[in-house]
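Fold and contact review
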Amino acid sequence: MTGDANVLDAVVVGAGWAGLGVSHALARKGLRHRVLERGRIGETWRTQRWDSFKMNTPNVQTIMPGDRYSGSDPFGTLTRDQFVALLEDFARRNGLDVEPDTRVIELIGGSENGAYRLATSRGDIWTRNVVIASGGLNCPVRPAFSRALPASLHQIDASGYRSVADLPLGVVLVVGSGQSGCQIAEELAEGGRKVFLATSRVGRLPRRYRGRDIMIWLVESGFLDVRREEVIRLAGRLPPRGLLGVEHTISLQALSARGVVLLGRLAGVEEGGALSFAGDLDENMRFADDASANVRRYIDGYIQLCGIDAPASEPDPAETVAARVPDPGIGSLDLAGAGIATVVWCTGFRGDFSWVRLPGVLDPWGQPLHEDGVASLPGIYFAGLDFASTRKSGLVLAVAEEAPRLAEHIFERSRHSR
Ligand SMILES: Cc1cc2nc3c(=O)[nH]c(=O)nc-3n(C[C@H](O)[C@H](O)[C@H](O)COP(=O)(O)OP(=O)(O)OC[C@H]3O[C@@H](n4cnc5c(N)ncnc54)[C@H](O)[C@@H]3O)c2cc1C
């Protein structure tokens, strides 16, 4: 066991926007801490986003704590590399103590003086508080039946997709019609590929509405401040993020008008190897349409309530174009017969917290248990998790609010333990 002098006030695991935001807040509280990163700053953005990837939060909202947007394109969006540069610049400007290439292998507790031990690829570190900012959306998830597909088929996850040119020639099946699935399907269609898209039950947002970028309305109207519990009550579960195109609205209808063949949810692999699809394509399209209509109604209500002089809603082509769907619907697909050479799994992400070996901190599926980022075990915190507190949690624009709250909790705890 180490002397108290070697016990830090806090260690932050992960140098994404969440970890850097918390480090900034801890520094402002004068707390002695380090940020441990298994790769480099912004590693997930460097290694898990495709080449043409752009953020879908506007520049004016893609800012780190203490910063203000001062550029000439407030409603434009950053590329993958520009966002990485923004994170690096933030860490440098604020003198954040980030240790790259330092993987945390194990986090355990139970020492006499209550300190936690982090076993890392560069030795052990002791600390009173740990902020787990290792990412809740950086491990792609595939359905188990993906293993039944032929070895000859090229299978990648959204996190492994880079560009059309990187894929073997042939038809592409994209599975999942969330953010990544629809953006990748659109890029593939624009790149001249024949694309099948297995849809899922995901809401949609128009990119612009009544004269403004939708994200500006969602922040200003308080739509994103709705608490996690209320989101679950309304949706019956934590919903996937609504589909939001980068510079224009993306809809299933608009993708089908570009030649993407829409299918229902991919249900499994049949005896002979063919893929089977649920008959829920119409339902999935209606669900997305209803979600978009709900958001527009919410904003109309806000505009009326506040007497804002906003222009009338203009027709959005992606929301008005007629869908071109296979008739009859496609219930089963023979991969070879359809010429499918690649499957891109856009079936969600989760986080890997397997190195956290502490009681009562993870649920039976290995995912975080917390209240607004505070775990039940004293001194353990989570940062950056999707829907952690409100609809905004998990987006860059939440860090300026949520990081100081965690730092304050750690500061109070440290004050009482001294
Ligand atoms: C495809 C996609 C697009 C998105 N687009 C946007 C967007 O446009 N705007 C927006 O606001 N949000 C967006 N998000 C949501 C969110 O911003 C991202 O999920 C973001 O990566 C979360 O930041 P983070 O810091 O919590 O996690 P991460 O960025 O994943 O950072 C975690 C860091 O921890 C490190 N790490 C992990 N395990 C260990 C370990 N054991 N030891 C040491 N280091 C470790 C990782 O290397 C990584 O650098 C998107 C999410 C996805 C999946």
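Residues numbered from 1 in each chain as written. Predicted model: local features only at pLDDT ≥ 70, side-chain atom pairs only at ≥ 80, totals over all residues. Heavy atoms only, no water.

Quick look at the domain arrangement of the protein chain now. Under the domain assignment used here, the protein chain contains domain 1 (4-138 + 351-417) and domain 2 (141-345). Here domain 1 and domain 2 have C-alpha centroids that lie 29 Å from each other. With 28 residues of domain 1 at the contact, the number on the domain 2 side is 30 residues. Both sides together, the interface formed by domain 1 and domain 2 hides about 2500 Å², and carbon and sulfur atoms give 51% of it. Of all residues in domain 1, W50, F387 and R391 give up the largest surface area on contact with domain 2, accounting jointly for 35% of the area buried on that side. Counting every contact that joins domain 1 to domain 2 gives 4 salt bridges. Notably, a salt bridge pairs R227 with D372, separated by 3.0 Å at the nearest N-O pair. Summed over the shared surface of domain 1 and domain 2, the result is 19 residue pairs in polar contact (both at pLDDT 80 or more). (Domains from an automatic or database assignment. Contact = heavy atoms within 4.5 Å. Buried area = accessible area lost by both parts, 1.4 Å probe. Salt bridge = Lys/Arg side-chain N within 4 Å of Asp/Glu carboxyl O. Polar contact = N/O pair within 3.5 Å; in protein donor to acceptor, adjacent residues only side chain to side chain.)

A few words now on the site of the ligand. The local shell around the ligand holds 32 residues, among which E37, R38, T44, N56 and V396 are the closest. A distance of 2.6 Å separates an oxygen atom of the ligand from a polar atom in the side chain of E37. Taking N138, its side chain carries an N or O atom lying 3.1 Å from an oxygen atom of the ligand. For the ligand, whose unbound accessible area comes to 980 Å², protein coverage reaches 95%. Listing elements by their share of the shell around the ligand, those giving two or more residues are helix 1 (17-28) and helix 2 (43-48). (Near = heavy atom within 4 Å. Areas by Shrake-Rupley, 256 points an atom, 1.4 Å probe, with all protein chains shown as cover. Helix = DSSP H or I, 4+ residues; strand = E, 2+ residues; numbered from the N terminus.)

What follows concerns the packing of helix 1 against helix 11 (residues 399-417). Look at helix 1 against helix 11: their axes get within 8 Å of each other, and the N-to-C directions meet at 50°. Between helix 1 and helix 11, the crossing angle belongs to the class labelled oblique. The way helix 1 lies across helix 11 gives a crossing that is right-handed. Contacts between helix 1 and helix 11 involve W17, A18, G21, V22, A25 and L26 from the first element and V399, A403, P404, L406, A407 and I410 from the second. Partitioning the contact of helix 1 with helix 11 into residue classes produces 11 nonpolar, 1 polar and no charged. (Axes fitted to C-alpha atoms, helices over the stretch in contact; angles between N-to-C directions. Parallel < 35°, antiparallel > 145°, perpendicular 65-115°, else oblique. Left-handed = near helix turned anticlockwise from the far one by under 90°. Nonpolar A, V, L, I, M, F, W, Y, C, P; charged D, E, K, R; others polar.)

Between the first and last C-alpha of helix 1 there are 17 Å, a value that for 12 residues agrees with the 16 Å anticipated at 1.5 Å per step. For helix 1, the tally of buried residues reaches 10 of 12 residues, placing the bulk of the element in the interior. Those residues of helix 1 that fall on the buried side of the exposure criterion are W17, A18, G19, L20, G21, V22, S23, H24, A25 and L26. One or two residues past the end of helix 1 sits G30, with phi positive at roughly 70°. (Expected span 1.5 Å × (residues − 1). Buried < 20%, exposed > 50% of the residue type's maximum accessible area, 1.4 Å probe, protein only.)

We now examine the side chain of S177. With respect to the secondary-structure elements, S177 resides in the loop between strand 11 (171-175) and helix 4 (179-190). Given a relative accessible area of 4%, S177 falls into the buried group.

A separate point is the sheet that holds strand 15 (residues 261-263). Within a sheet, each strand pairs with its neighbour through backbone hydrogen bonds, oriented either parallel or antiparallel. Spatially, 5 strands are ordered 10-19-11-12-15 in an open sheet, and the strand pairing comes out parallel. If you trace the sheet from one side to the other, it starts and ends with strand 10 (154-157) and strand 15, each paired once. Pairs of neighbouring strands in the sheet enclose a mean axial angle of 20°, with direction left out of account. Sheet topology places strand 11 next to strand 19 (residues 340-345); 5 bridges connect them, and they run parallel. Across the sheet, residue V174 finds its bridge partner in strand 19, namely V344. (Pairing = 2+ DSSP bridges.)

Attention now moves to the pattern of salt bridges. The tally for this structure, following the rule as stated, stands at 30 salt bridges. Notably, a salt bridge pairs R93 with D89, separated by 2.8 Å at the nearest N-O pair. Highlighted residues: R93 and D89, both in helix 3 (residues 80-93), separated by 4 residues, approximately one helical turn. On the accessibility criterion, R93 (43% relative accessible area) is partly exposed. The salt bridge involving R227 is made with E229; its shortest N-O contact spans 3.0 Å. One continuous salt-bridge network, built from bridges that share partners, spans D67, D89, R92 and R93.

What follows deals with the nonpolar core. Inside soluble globular proteins, nonpolar side chains tend to come together where they are buried. Formed by 59 residues in total, the largest nonpolar core has its most connected members in W17, L20, Y161, V174 and L188. Looking at this core element by element, the count peaks at 6 residues for helix 1. Taken together, domain 1 (4-138 + 351-417) and domain 2 (141-345) each give at least three residues to this core, which thus spans both. In this structure, Y161 is in contact with R49, W50, I156, L167, I184, E187, L188 and V344, ignoring residues within four places of it in sequence. Of all hydrophobic cores here, the second largest spans 21 residues; its members include V13, L36, I125 and V130. (Core = buried A, V, L, I, M, F, W, Y, C linked by side-chain atoms within 4.5 Å.)

With that out of the way, let us pick up the environment of V325. Within the element layout of this structure, V325 appears in the loop between helix 9 (317-320) and strand 18 (332-333). On the accessibility criterion, V325 (33% relative accessible area) is partly exposed. For V325 and T62, which are 263 residues apart along the polypeptide, the C-alpha to C-alpha distance reads 37 Å.

Turning our eyes to something else, we now look at unusual backbone geometry. Outside of glycine, negative phi angles account for most residues, and trans bonds account for most peptide bonds. Here the phi dihedral of R210 falls at roughly 50°; this positive angle occurs in a residue that is not glycine. According to the relative accessible area criterion, R210 is buried, its value standing at 16%. The phi angle at F387 is positive, at roughly 55°, despite the residue not being glycine. Position of F387 among the secondary structure elements: in the loop between strand 21 (380-382) and helix 11.

Next up on the list: the sheet that holds strand 4 (residues 98-99). Strand order in the open sheet made by the 5 strands is 4-3-2-8-21, with parallel pairing throughout. With one partner strand each, in any of the chains shown, strand 4 and strand 21 form the two edges of the open sheet. Relative to strand 21, strand 8 (residues 130-132) runs parallel, the two sharing 3 bridges. Of the residues in strand 21, the one forming a bridge with V130 is I380. Helix-sheet contacts for helix 11 involve strand 8 and strand 21, and the interaxial angle to strand 21 is about 175°.

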